[in-house]
Amino acid sequence: MDLITKKSSSTHTNSDPVAFSSSSSPTSKNSFTVSSTSALSCANMYPSFNSRSLSSKNLTASKFQPKIVKGDGGYVLEDVPHFTDYISADDDLRTYPNPLQDNPAYAVVKQYFVDVDDTVAQQTVQTRTSERGIHFRRAGPREKVYFESDEVHACIVTCGGLCPGLNTVIREIVCGLYHMYGATRILGIEGGYRGFYARNTVPLTPKVVNDIHKRGGTILGTSRGGHDTSKIVDSIQDRGINQVYIIGGDGTQKGASVIYEEIKRRGLKVAVVGIPKTIDNDIAIIDRSFGFDTAVEEAQRAINAAHVESESIENGVGLVKLMGRHSGFIAMYATLASRDVDCCLIPESPFYLEGPGGLFEYMEKRLKENGHMVIVIAEGAGQEMLTESMRSMDQQDASGNKLLQDVGLWISQRIKDHFKRRHKMVINLKYIDPTYMIRAVPSNASDNVYCTLLAQSAVHGAMAGYTGFIVGPVNGRHAYIPFYRVTEKQNNVVITDRMWARLLSSTHQPSFSSLNDIVEEKEDEKQEPATTTKNNLPNGLQNGGYLKFNPISLNRIV
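The protein chain has the name ATP-dependent 6-phosphofructokinase in an unreviewed UniProt entry, where Papaver atlanticum is given as its organism. The Cofactor (unreviewed entry) comment attached to the protein chain in UniProt states, word for word, "Mg(2+)". Taken verbatim from the UniProt record of the protein chain, the Catalytic activity (unreviewed entry) comment is "beta-D-fructose 6-phosphate + ATP = beta-D-fructose 1,6-bisphosphate + ADP + H(+)".

In structure tokens form, the structure reads like this:
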């Protein structure tokens with residue numbers, strides 16, 4: 001596609017295109033108001049960023065000032081910052097017609113631009129009496145942009161660990177700026193945040209990035225830590241950069257939020273955009289993170305190898321350790337997809353090894369029944385069971401993440417020791433850790449398409465003057481989400497949800513609870529035997545009481 005060389009005529013405006021009002025759209029049926037008290041209460045609800053979560057001592061806490069817009073029927077828009085929030089029209093803040101309207105590739109599109117009133121609901125399941133709830137601004141191209149094509153000077157940086165799809169995001173940001181908006185000055189910052197003040201950069205063009213989506217890793221290199229807010233913003237200002245695209249996980253996005261706050265304090269016309277990356281899929285609010293589908297697909301290969309090994313030998317046990325420091329999504333979905341797993345252990349569902357209902361008892365049962373079994377364990381599972389001498393309680397990596405011990409090696413040895421004491425049952429255990437093989441592969445077709453949409457949505461947002469946000473799908477629609485909403489907490493597997501119940505039904509594993517709970521429950525059963533009414537309900541339930549939930553029997557319920 002030819003570059004867009006036609007320069008759009010500029011039009012000066014001092015109106016705020018992003019603030020909802022009763023007259024914001026001729027077709028708008030609802031009136032919207034910005035509530036300062038709502039912003040204050042939201043600021044109390046979502047605490048400020050804690051600088052100690054990143055390693056740099058120079059990183060100071062940022063004070064979030066949420067933009068809250070309220071409308072009829074309980075409608076709440078958690079809006080994202082815009083240039084007009086802190087740059088006045090007197091400072092030469094101009095708007096220009098969007099070059100997409102002259103782009104022949106988009107001539108067939110029925111609706112060029114996203115309407116100013118378009119938002120995406122956080123919750124889709126509602127009742128007739130439900131309030132409309134929280135919404136986010138819909139992603140996409142706007143009719144007016146705040147940069148001319150030859151004015152754009154963008155940069156891209158990747159931080160944290162590797163993840164399938166990093167190169168695809170880089171490629172599509174570059175191609176989106178070039179082919180959709182005619183912006184040709186794009187820098188790649190090498191080596192993560194340190195690259196900003198280490199002067200490590202590489203010019204990026206469509207030719208340079210043409211085939212990088214076929215490779216794993218990131219062509220820009222990456223690192224953990226190295227965040228020095230003043231040095232980074234000084235570098236951005238000195239280089240004349242006005243669009244910053246930051247690709248990384250929750251720690252990286254906390255750093256991006258602090259960069260935005262400093263840029264806002266200096267009054268710079270610089271858009272800061274985050275593209276959330278975590279292979280664990282633990283970013284809050286968004287439907288899923290890029291690279292997750294590829295990780296699940298690759299994890300199945302390791303599970304299949306463990307299954308082949310285990311069933312090819314007497315009492316074979318295949319143990320596979322997968323990613324998941326705090327969230328077991330990869331382990332859960334790979335288990336459901338493979339259907340060859342007998343037990344899946346994740347951080348959200350505590351388990352124990354010995355005693356009635358423990359892992360060892362379950363393993364003995366499965367080996368007697370099938371002669372082999374496959375266990376999948378997430379890297380963050382069972383950490384509380386490691387002895388204090390083996391744990392690294394106070395040690396952190398450069399990104400501020402707690403260092404974890406290898407639970408796979410630990411539990412492998414515990415299994416071997418247990419069955420060694422039982423001379424009647426000899427096992428053959430094979431331990432597989434495919435972590436770095438999964439992280440380093442290129443993204444699959446699904447993630448490639450997803451990364452393209454993420455990158456283009458990020459470009460549209462930056463060109464439209466939005467800043468201080470991350471982009472991601474919410475209920476299937478891409479939206480612009482304030483930084484604080486994705487850094488306040490992590491997404492976790494809900495073990496009382498149907499998806500975990502489906503896993504228990506597939507593997508037939510027990511839903512582990514503590515050994516003390518089981519002992520206490522058995523003692524209660526001896527002292528107070530259950531009786532039933534004519535409706536076959538336990539005592540107390542017919543009087544408005546609640547049936548006591550026994551997690552150990554959940555596999556029999558589902």
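Having seen it, we continue.
The UniProt feature table records "binding site: substrate" (unreviewed entry) at T278, I279, D280, M323, G324, R325, E379, Y436, M437, I438 and R439. As for its position among the elements, G324 is in the loop between β14 (316-322) and α7 (329-338). Its relative accessible area of 0% is what places G324 among the buried residues. Not counting residues up to four positions away in its chain, the partners in contact with G324 are D280, P347, A378, E379 and G380. Within the secondary structure, R439 is located in helix α10 (residues 435-439).

This part takes up the packing of helix α4 (residues 229-239) against helix α5 (residues 250-266). At a closest axis distance of 10 Å, the pairing of α4 and α5 adopts a crossing angle of 60°. In terms of axis orientation, α4 runs oblique to α5. Note on packing geometry: the crossing formed by α4 with α5 is right-handed. Taking contact as the criterion, the partners of T229, S230, I232, V233, D234, I236 and Q237 in α4 are, on α5, V258, I259, E262, I263 and R266. When its residues are assigned to classes, the contact of α4 with α5 shows 6 nonpolar, 3 polar and 3 charged.

Before going further, it helps to examine the pairing of strand β10 (residues 185-189). In terms of residue burial, β10 counts as a mostly covered element, since 4 of its 5 residues are buried. As paired strands, strand β9 (residues 153-158) and β10 are joined by 5 bridges and run parallel to one another. Of the residues in β10, the one forming a bridge with A154 is I186. In the classification by handedness, the crossover that spans β9, the intervening helix α2 (residues 166-181) and the parallel β10 is right-handed. Across 3 bridges, the pairing between β10 and strand β11 (residues 201-203) is antiparallel.

Moving on, we get to the sheet that holds β14. The 4 strands lie next to each other as β15-β16-β14-β17, forming an open sheet whose pairing is parallel. Among the strands making up the open sheet, the edge pair consists of β15 (343-345) and β17 (428-432). Averaged over all pairs of adjacent strands, the angle between strand axes in this sheet comes to 15°, irrespective of strand direction. With 5 bridges joining them, β14 and β17 adopt parallel strand pairing. Within β17, the residue paired with G318 across the bridge is K430.

Attention now moves to the pattern of salt bridges. Under the criterion given, the structure shown has 21 salt bridges. One salt bridge connects R138 with D118, and the closest N-O pair in it is separated by 3.1 Å. On the criterion of sequence distance, the pair formed by R138 in strand β7 (residues 133-138) and D118 in the loop between β5 (94-97) and β6 (119-121) is long-range, its members being 20 residues apart. Using a relative accessible area of 26% as the deciding quantity, one classes R138 as partly exposed.

Quick look at α2 now. Helix length check: α2 (16 residues) gives 22 Å between terminal C-alpha atoms against 22 Å at 1.5 Å per residue, within 8%. Just past α2, the residue G182 takes up positive phi, approximately 70°.

For the structure on display, the rule yields 5 aromatic pairs. Arranged with centres 6.4 Å apart and planes meeting at 75°, the rings of F83 and Y146 form a pair that is edge-to-face. Of this pair, F83 sits in the loop between β4 (75-79) and β5 while Y146 sits in the loop between β8 (144-145) and β9; the two residues are 63 residues apart in sequence, bridging distant segments of the chain. Y146 shares its class with F83; the two are buried. Centroid distance F292 to Y333: 5.6 Å. Interplanar angle 85°. Geometry classified as edge-to-face. Remark: Y333 occurs in helix α7 and F292 occurs in helix α6 (residues 292-311); sequence separation between them is 41 residues.

Further remarks concern unusual backbone geometry. Phi is positive for N315, which is not a glycine, with a value near 50°. With respect to the element layout, N315 can be found in the loop between α6 and β14. A positive phi is found at H508, a non-glycine position, where the angle reads about 65°. By secondary structure assignment, the location of H508 is in the loop between α13 (498-507) and α14 (515-527). Accessibility expressed as a relative area gives 47% for H508, which makes it partly exposed.

A few words now on a nonpolar patch on the surface. There is a patch of nonpolar side chains on the surface, built from V108, V109 and Y112 and spanning about 270 Å² of accessible area. With respect to the secondary-structure elements, V108 resides in the loop between β5 and β6.

Okay, the packing of α2 against helix α11 (residues 445-463) next. Where α2 meets α11, the axes come as close as 8 Å, and the angle between the chain directions of the two elements is 50°. When the axes of α2 and α11 are compared, the pair comes out oblique. The interaxial crossing formed by α2 with α11 has right-handed handedness. Here T168, V169, E172, I173, G176, L177, M180 and Y181 of α2 lie close against α11, whose contacting residues are N448, C451, T452, A455, Q456, V459, H460 and M463. Residue composition of the contact of α2 with α11, by class: 9 nonpolar, 6 polar and 1 charged.

How each quantity is defined
Per-chain numbering applies: the sequence of each chain, read as written, is numbered from 1 onward. Given that this is a predicted model, residues contribute local features only at a pLDDT of at least 70 and side-chain atom pairs are listed and counted only at 80 or more, while totals for whole chains, interfaces and linings are drawn from all residues. To get the side-chain values, take all heavy atoms of the structure and skip hydrogens and water. UniProt positions are given in the numbering used here, feature names are shortened, and annotations may be inferred rather than shown by experiment. A run of H or I in DSSP becomes a helix once it reaches four residues, and a run of E becomes a strand once it reaches two; helices and strands are each numbered from the N terminus. A 1.4 Å probe rolled over the protein chains alone gives each residue an accessible area, and that area as a share of the maximum for its type sets the label: buried under 20%, exposed over 50%, partly exposed in between. Contact between two residues is taken to exist if any of their heavy atoms lie within 4.5 Å; hydrogens are not considered. Comment: axis = line fitted to C-alpha atoms, over the contacting stretch for helices; angle = value between 0 and 180 degrees taken between N-to-C directions. These descriptions rest on fixed angle ranges, namely under 35 degrees for roughly parallel, over 145 for roughly antiparallel, 65 to 115 for roughly perpendicular, and the rest for oblique. Crossing chirality is assigned from the near helix's rotation relative to the far helix, an anticlockwise turn below a right angle marking it left-handed and a clockwise turn marking it right-handed. Charged residues are taken to be Asp, Glu, Lys and Arg, nonpolar residues to be Ala, Val, Leu, Ile, Met, Phe, Trp, Tyr, Cys and Pro, and polar residues to be all remaining types, Gly included. When DSSP finds at least two bridges between two strands, those strands are taken to pair. By convention, orient the strands away from the viewer: a clockwise path from the first strand over the helix to the second makes the crossover right-handed. We define a salt bridge as a contact between a side-chain nitrogen of Lys or Arg and a carboxyl oxygen of Asp or Glu at a distance within 4 Å. Take the residue count of a helix, subtract one, and multiply by 1.5 Å to get its expected span. Classification of ring pairs uses Phe, Tyr and Trp, with its six-membered ring standing for Trp, and accepts pairs whose centres are within 6.5 Å; under 30 degrees between planes counts as stacked, over 60 as edge-to-face, and the remaining range as tilted. A patch consists of residues exposed above 30% relative accessible area that lack any salt bridge, with like charges linked at up to 9 Å and nonpolar side chains (Val, Leu, Ile, Met, Phe, Trp, Tyr) linked at up to 5 Å. What sets the accessible areas is the Shrake-Rupley method with a 1.4 Å probe; for residues, cover comes only from the shown protein chains.

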